[in-house]
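Structural overview for review
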Amino acid sequence: MDPATDPSTEEVFDADIHAKAREVIARYPHSRSALLPLLHLVQSVQGYVSREGITFCARHLDLSEAEVSGVVTFYTMYKRRPCGQHLVSVCTNTLCAALGGDAVYRRLCEHLGEDGRPLGHEETAGTPGEQGSITIEHAECLAACDLAPVLQVNYEYFDNQSPDSAVELVDALRDGDRPAPTRGAPLTDFRSAELQLAGFFPEEAEQSRSDVDAPTAAEETVRGARLARDRGWTAPAMPDDVALPEVEQK
């Protein structure tokens, strides 16, 4: 069946999304390799991966829905419930937790909750997808231990957070503001971020380059490398006679 005429998905995904799906698939020598970006494309439309989204990917890639579901349920970036306009991910892994990440997460859950009930993991304050709605999650390591505690908004970094600064951040998001991340691309909404993860950037070249070329390394991250450069430190050379293990041909 032509995915574009599948009655189970045609009310959700329009011709433009089907065209984008075909463009994604054409990037890969094997169509099934396109599943991950295709799932991000689905989330850019619905804000999560629905049953229709699973069917959409399966039809385009000639996979079973079970195969697609197995991937969706394995990776935490694919959501099974509609996300808010902004996804706030608080790192609660070891170092962030020790430096206050647990306190940041707890404070945000209490602040975004209603009637004395704190918000839970992957729950949303407000109506998902609408202006100012916030979905919160605790996340495993966000790879920014030198800037702990950290959180992300739609996968952009906000470093060196505290419970108070995190509350100020989510309040600004709820008011419609888009504070500048500590580093990385300018802040956008969750669905637009998902479209970029699928490989589609703004058509306006200058804006697109600013998103891609935005600074991603903090001073704390590169300080060791700069110190080594300034002092002329180098790693020991690899001996020439070390035999590398044979790699089985696939």
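All values derive from a computational prediction rather than experimental measurement.

A sheet is described by the order of its strands in space; here five strands give the open sequence β2-β3-β1-β4-β5, paired in mixed fashion. Sheet topology places β2 (123-125) and β5 (156-158) at the edges, where each strand pairs with a single neighbour. Averaged over all adjacent pairs, the angle separating strand axes in this sheet is 30°, with direction ignored. The pairing of strand β4 (residues 151-153) with β5 spans three bridges and is classified as antiparallel. Paired with V153 across the strands is E156, a residue of β5.

To continue, consider unusual backbone geometry. A cis geometry characterises the amide bond from A148 onward to P149, with omega recorded as -5°. Note on placement: P149 falls in the loop between β3 (134-139) and β4. Unlike most non-glycine residues, A143 shows phi in positive territory, near 60°. Its location among the elements puts A143 in the loop between β3 and β4.

With that settled, the discussion passes to helix α10 (residues 219-231). If you check α10, its first and last C-alpha atoms are 17 Å apart, about what 13 residues at 1.5 Å a residue would give, namely 18 Å. Its axis deflected by about 30° at A225, α10 carries its strongest bend there. Immediately downstream of α10, the backbone of G232 shows phi near 75°, a positive value.

Here we come to the layout of surface pockets. Taken as a whole, the second largest pocket encloses approximately 250 Å³ of empty space. Together, 14 residues line the second largest pocket, and T76, E137, A139, E140 and L142 are the ones closest to its centre. Counting residues per element, the lining of the second largest pocket draws most heavily on β3, at three residues. Considering only residue class, the lining of the second largest pocket consists of five nonpolar, five polar and four charged.

In this structure the tally under the stated criterion is three aromatic pairs. A ring pair is formed by F13 and F56, whose centres lie 4.4 Å apart and whose planes are at 35°; its orientation type is tilted. Taken together, the residues F13 in the segment before α1 (15-25) and F56 in helix α3 (residues 51-61) connect sequence positions 43 residues apart. Considering the side-chain rings of F74 and Y75, the 4.9 Å spacing of their centres and the 85° angle between planes classify their relative orientation as edge-to-face. Residue classification places F74 among the exposed positions, given a relative accessible area of 62%. On the basis of relative accessible area, Y75 is assigned to the partly exposed category, the value being 40%. The structure contains a cluster of three or more aromatic residues connected by ring pairs, namely F74, Y75 and Y78. For the cation-ring pair, R183 lies above Y157, with the distance from its terminal atom to the ring centre recorded as 4.0 Å.

What counts, and at which threshold
- Residues numbered from 1 in each chain as written.
- Predicted model: local features only at pLDDT ≥ 70, side-chain atom pairs only at ≥ 80, totals over all residues.
- Heavy atoms only, no water.
- Pairing = 2+ DSSP bridges.
- Helix = DSSP H or I, 4+ residues; strand = E, 2+ residues; numbered from the N terminus.
- Axes fitted to C-alpha atoms, helices over the stretch in contact; angles between N-to-C directions.
- Expected span 1.5 Å × (residues − 1).
- Bend = angle between axes of the 7 residues up to and from the residue.
- 1 Å grid on protein atoms, 1.4 Å probe; cavity = no way out; pocket = protein on both sides within 12 Å on 5 of 7 lines; lining within 4 Å.
- Points joined across faces, edges and corners; volume = space filled by probe spheres on them.
- Nonpolar A, V, L, I, M, F, W, Y, C, P; charged D, E, K, R; others polar.
- Phe/Tyr/Trp six-rings, centres within 6.5 Å; stacked < 30°, edge-to-face > 60°.
- Buried < 20%, exposed > 50% of the residue type's maximum accessible area, 1.4 Å probe, protein only.
- Lys NZ or Arg CZ within 6 Å of the ring centre and 35° of its normal.

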